[in-house]
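Each chain, written out:
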Amino acid sequence: MGEKEQEVEIIRLLKAGAGYTSGQSLSASLGVSRTAVWKHIEALRKMGYAIEASPSKGYRLLEARPFNGVELQTLLSGKLFGREVHFFDSIDSTNAKAFELAREGAPEGTIVVAETQTRGKGRIGRKWESPAGMNLYLSVILRPKVAPQGAQGLTFVAAVAAAEAVSASGVKPAVKWPNDILIGGRKTAGILLEMDSEPDRVHFVVAGIGVNLNARRDMFPEYIKDTATSLFEETGSSIDRGLFTARLLSSMERWYGVYLSEGFVPVLEAWKGSFRTVGKPVKVTFFDRTIEGICAGVDSDGALLLEREGRLERIISGDVEAL
Ligand code: BT5
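Residues numbered from 1 in each chain as written. Predicted model: local features only at pLDDT ≥ 70, side-chain atom pairs only at ≥ 80, totals over all residues. Heavy atoms only, no water.

Engineer: Before we go on, may I ask you to explain the overall build of the protein in this structure?
Structural biologist: If you tally the helices and strands in the protein, you get 10 helices and 14 strands. For a compact globule of 323 residues, the expected C-alpha radius of gyration is about 20 Å, and the protein comes in at 22 Å, within 12% of that figure. Oriented by its inertia axes, the alpha-carbon framework of the protein measures out at about 80 × 45 × 30 Å. Counting across all 323 residues of the protein, residues that qualify as buried make up 50%. Sequence separation of 24 or more characterises 60% of the internal contacts of the protein that already satisfy a separation of 6 or more. (Helix = DSSP H or I, 4+ residues; strand = E, 2+ residues; numbered from the N terminus. Rg over C-alpha atoms; globule rule 2.2 N^0.38 Å. Buried < 20%, exposed > 50% of the residue type's maximum accessible area, 1.4 Å probe, protein only. Contact = heavy atoms within 4.5 Å.)

As structure tokens, this is what we get:
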């Protein structure tokens, strides 16, 4: 067991133990000296864990939980998504880092999480605002054995999972085609899929998800103040980032399993459950033009259907806005 694994194991054991866990039993479980255990406890305290020590009884973990790699690892134990956790206090973009790790051979389910991103990415060169200490910036490496066209379905896998995790916090989200999660019409999460592939085979996909959890509206920069929201703003309570991440990843692992074993259809059906734009007038913006029409739903490939001048147009990329 490496140093990091030992720290994860100590937190796991302290969480499992009711009351105090003796230094002796920790050192026996880890196969290291009691001095080594004590050093780990000190390191864990520096990471933000509140650990009480009693000379006669041992160690006890108090309720307050920091958000870091150790905490995520203990929350995600036994799952494919999160078996390997890379946590950064600050990084340019978790997607860029995950892409690099995937290129170096990181296994499926590897996750990259950061406290803040200095160059958080949206689609087509746009920016994802990523203030420190309050939200979730997460990327997951996937290695589906599919052709590149099939991988687009993974945006919907991530969206269904994000919508489920948001719902579990007590508010009803809506999905916006193709990659946003809205609450009350404002964006609370965005998804960015990036892929490395050959013409007929995907090497890997990085699914990036940014969720505004505890950001306050007055912290958003001016240009998104009217269009963005957070779970805190919508529920009035702070969100435990570790638990939210664990819930999101467990939901995503389940829907990814459905996508691999049953295909895109059940994922799309679940997504449609939160899609409330059908029948409404919308504006679709492409890089070179804007069109308006009535949203007629999505087809079996997940393309948006737009009714316009008596015809049905199939849209595979663009930005949709309700009119
Ligand atoms: C997205 O792009 O919505 C994809 C966002 C993906 C972010 C995650 S964070 C983890 C991972 N690592 C990354 O580097 N990225 C992913 P798009 O649909 O292009 O929306 C971008 C637009 O949303 C911007 O142009 C702003 O108008 C708005 N926006 C930016 N930051 C926002 C925020 N924090 N909350 C709500 N809206 C935001």
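Now that the structure has been shown, the text picks up again.
Engineer: For this particular structure, what's the right way to read the site of the ligand?
Structural biologist: Contacts to the ligand come from 27 residues, most closely from S93, K121, R126, K187 and N212. The side chain of N212 places a nitrogen or oxygen atom 2.8 Å from a nitrogen atom of the ligand. Protein chains shield 93% of the accessible area of the ligand, which is 800 Å² for the free molecule. According to the grid-proximity analysis, the pocket containing the ligand is the largest pocket. Those elements that place two or more of their residues in the shell around the ligand are α5 (94-103), β5 (136-142), β8 (186-198) and β9 (201-211). Looking at the shell around the ligand element by element, the count peaks at 4 residues for β8. Tallied by class, residues from the shell around the ligand come to 8 nonpolar, 12 polar and 7 charged. (Near = heavy atom within 4 Å. Polar contact = N/O pair within 3.5 Å; in protein donor to acceptor, adjacent residues only side chain to side chain. Areas by Shrake-Rupley, 256 points an atom, 1.4 Å probe, with all protein chains shown as cover. 1 Å grid on protein atoms, 1.4 Å probe; cavity = no way out; pocket = protein on both sides within 12 Å on 5 of 7 lines; lining within 4 Å. Sits in = over half its atoms within 2 Å of the grid points. Nonpolar A, V, L, I, M, F, W, Y, C, P; charged D, E, K, R; others polar.)

Engineer: Looking at this structure, how should I read the sheet that holds β9?
Structural biologist: As a general point, the strands of a sheet are linked pairwise by backbone hydrogen bonds and lie either parallel or antiparallel. As summarised here, the arrangement of the 7 strands in space is β3-β4-β5-β9-β8-β7-β6, forming an open sheet in which the pairing is mixed. If you trace the sheet from one side to the other, it starts and ends with β3 (85-91) and β6 (174-176), each paired once. Strand-to-strand twist in this sheet, taken as the mean axis angle between neighbours without regard to direction, amounts to 20 degrees. Looking at chain direction, β6 and strand β7 (residues 180-183) are connected through 3 bridges and run antiparallel. Its bridge partner lying in β7, A174 is registered against L182. (Pairing = 2+ DSSP bridges. Axes fitted to C-alpha atoms, helices over the stretch in contact; angles between N-to-C directions.)

Engineer: Just to check I follow, could you spell out the domain arrangement of the protein for this structure?
Structural biologist: In many reports, interface size means the accessible area that the parts give up when they come together. Domain boundaries assigned for the protein yield domain 1 (3-61), domain 2 (69-272) and domain 3 (281-322). On a C-alpha basis, the centres of domain 2 and domain 3 stand 24 Å from each other. Taken residue by residue, the interface counts 10 residues in domain 2 and 13 residues in domain 3. Roughly 820 Å² is buried in total at the junction of domain 2 and domain 3, and carbon and sulfur atoms are behind 59% of that figure. Inspection of the domain 2/domain 3 interface yields 2 salt bridges. With a closest N to O distance of 2.8 Å, D319 and R126 form a salt bridge. Summed over the shared surface of domain 2 and domain 3, the result is 4 residue pairs in polar contact (both at pLDDT 80 or more). (Domains from an automatic or database assignment. Buried area = accessible area lost by both parts, 1.4 Å probe. Salt bridge = Lys/Arg side-chain N within 4 Å of Asp/Glu carboxyl O.)

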